[in-house]
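Understanding the architecture of this molecule
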Amino acid sequence: MTRVRRGYIARKRRKKSRLSRQGALTRTIAQQERRALVSAQRNRDRKKRDFRRLWITRINAVIRKKGVYFYYSKFLHDLHKRQSLINRKILAQLAILNKTFLYTISNEAIKKEDWKESPKMISIKFPGVYSPGG
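None of these values were measured; they are calculated from a predicted model. Every chain's residues receive numbers from 1 upward, in the order its sequence appears when written. This being a predicted model, a pLDDT of at least 70 is required before a residue's local features are given, and a value of 80 or more before pairs of side-chain atoms are given or counted; all residues contribute to the totals for chains, interfaces and linings. Note that the side-chain values use all heavy atoms of the structure and ignore hydrogens as well as water.

1. Regarding the packing of helix 4 (residues 88-97) against helix 5 (residues 99-110)
At their nearest, the axes of helix 4 and helix 5 sit 6 Å apart, and the two run at 125° to each other. Considering the angle they form, helix 4 stands oblique to helix 5. Across the interface between the two elements, Leu 91, Leu 94, Ala 95, Ile 96 and Leu 97 of helix 4 pack against Lys 99, Phe 101, Leu 102 and Ile 105 of helix 5. Of the residues contributing to the contact of helix 4 with helix 5, the split by class is eight nonpolar, no polar and one charged. Axis lines are fitted through C-alpha atoms, for helices just across the contact stretch, and the angle between N-to-C directions can take any value from 0 to 180 degrees. For helices the rule is a DSSP run of H or I covering at least 4 residues; for strands it is a run of E covering at least 2, with both sets numbered from the N terminus onward. Angular relationships are summarised with four words: roughly parallel below 35 degrees, roughly antiparallel beyond 145, roughly perpendicular across 65 to 115, and oblique for the angles in between. It only takes one pair of heavy atoms within 4.5 Å for two residues to be counted as in contact. Residue polarity is assigned by list, with Asp, Glu, Lys and Arg as charged and Ala, Val, Leu, Ile, Met, Phe, Trp, Tyr, Cys and Pro as nonpolar; anything else, Gly included, falls into the polar class.

Following this line, the structure appears as structure tokens:
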């Protein structure tokens, strides 16, 4: 196979920084560039954290408003016990767009069956959608 040369964007960034360093302020410019890259990485991580907090807040608000659960942690614990594959992002979207579906999910999680004997996945039938085997 032929060799693939990579790094167009990285090469462009390095070239730009090399051109800007041709002066007396070489050290300060390099430091500013490093700080900018560190800040960019830090803020990408912070964005993930902020979105997770937003999703948790949205889910918590909806389940408390309806009185389905009083605690977000208990709701997620019950979903985990029922082996639900729905993550926080999807639950938050359901909380905003389709609250009745979120209530259906929470009612399925509430059902008091002995989870240690027979953990069953939550299976909800979508009207008008074909599902094989059911």
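2. Here's the deal with the packing of aromatic side chains
When the centres of two rings from Phe, Tyr and Trp lie within 6.5 Å, Trp using its six-membered ring, the rings pair. Their planes under 30 degrees apart give stacked, over 60 give edge-to-face, and anything left gives tilted. On inspection of all chains with the given rule, the structure shows one aromatic pair. Geometrically, the ring pair formed by Phe 51 and Trp 55 is tilted, given 6.1 Å between the ring centres and 40° between the ring planes. With Phe 51 and Trp 55 both in helix 2 (residues 26-66) and four residues apart, the pair spans about one turn of that helix. Working definition: with a 1.4 Å probe on protein chains only, accessible area under 20% of the residue-type maximum means buried, over 50% means exposed, and in between means partly exposed. Trp 55 sits in the partly exposed class, given a relative accessible area of 22%.

3. Focus: the nonpolar core
Within soluble globular proteins, side chains that are nonpolar generally end up buried alongside one another. Buried residues of nine kinds, namely Ala, Val, Leu, Ile, Met, Phe, Trp, Tyr and Cys, make up a nonpolar core once their side-chain atoms join them within 4.5 Å. Among the nonpolar cores identified, the biggest contains 18 residues, and Ile 59, Phe 75, Leu 79, Leu 91 and Leu 102 are the most heavily contacted of them. A total of five residues in this core trace back to one element, the largest contributor, which is helix 5. Look past the residues within four positions of Leu 91 in its chain and what remains in contact with it is Ile 59, Phe 75, Leu 76, Leu 79, Ile 86 and Leu 102.

4. Examining the environment of Thr 104
Mapped onto the secondary structure, Thr 104 falls in helix 5. Of the polar contacts made by the side chain of Thr 104, one reaches the backbone oxygen of Thr 100; its length is 2.9 Å. What qualifies as a polar contact is a pair of N or O atoms within 3.5 Å, subject to a donor-acceptor requirement within protein and to the restriction that residues adjacent in sequence count only when both atoms come from side chains.

5. Some points on the environment of Ile 90
Relative to the helices and strands, Ile 90 is located in helix 4. Residues Ile 90 and Trp 55 lie 35 residues apart in sequence; the distance between their C-alpha atoms is 8.7 Å.

6. So, helix 3 (residues 72-81)
Turn by turn, an α-helix covers 3.6 residues, leaving residues three or four places apart pointing in a common direction. Among the residues of helix 3, Tyr 72, Phe 75, Leu 76, Asp 78 and Leu 79 are the ones counted as buried. The buried residues of helix 3 occupy an angular sector of 160° when the element is viewed end-on, so they sit on one face. Those residues of helix 3 that are exposed and aimed more than 90 degrees away from the buried face are Ser 73 and His 80. One or two residues past the end of helix 3 sits Gln 83, with phi positive at roughly 60°. This arc is built from the directions going out from the helix axis to the C-beta atoms.

7. What to know about the pattern of salt bridges
Any two side chains of opposite charge can pair, given that their charged atoms come close. Any carboxyl oxygen of Asp or Glu that lies within 4 Å of a side-chain nitrogen of Lys or Arg is treated as forming a salt bridge with it. Within this structure, the stated rule accounts for one salt bridge. Here Asp 78 makes a salt bridge to Lys 74, at a shortest N to O gap of 3.7 Å. Linking Asp 78 with Lys 74, this pair stays in helix 3, spanning four residues, or about one helical turn.

8. Brief notes about the confidence of the model for the chain
Residue-level confidence of the predictor is summarised by pLDDT, bounded by 0 at the bottom and 100 at the top. On average, residues of the chain score 77 in pLDDT, and 73% of them are at 70 or above. Of all secondary-structure elements in the chain, the lowest mean pLDDT belongs to helix 1 (residues 8-20), at 69, while helix 4 reaches the highest, 89.

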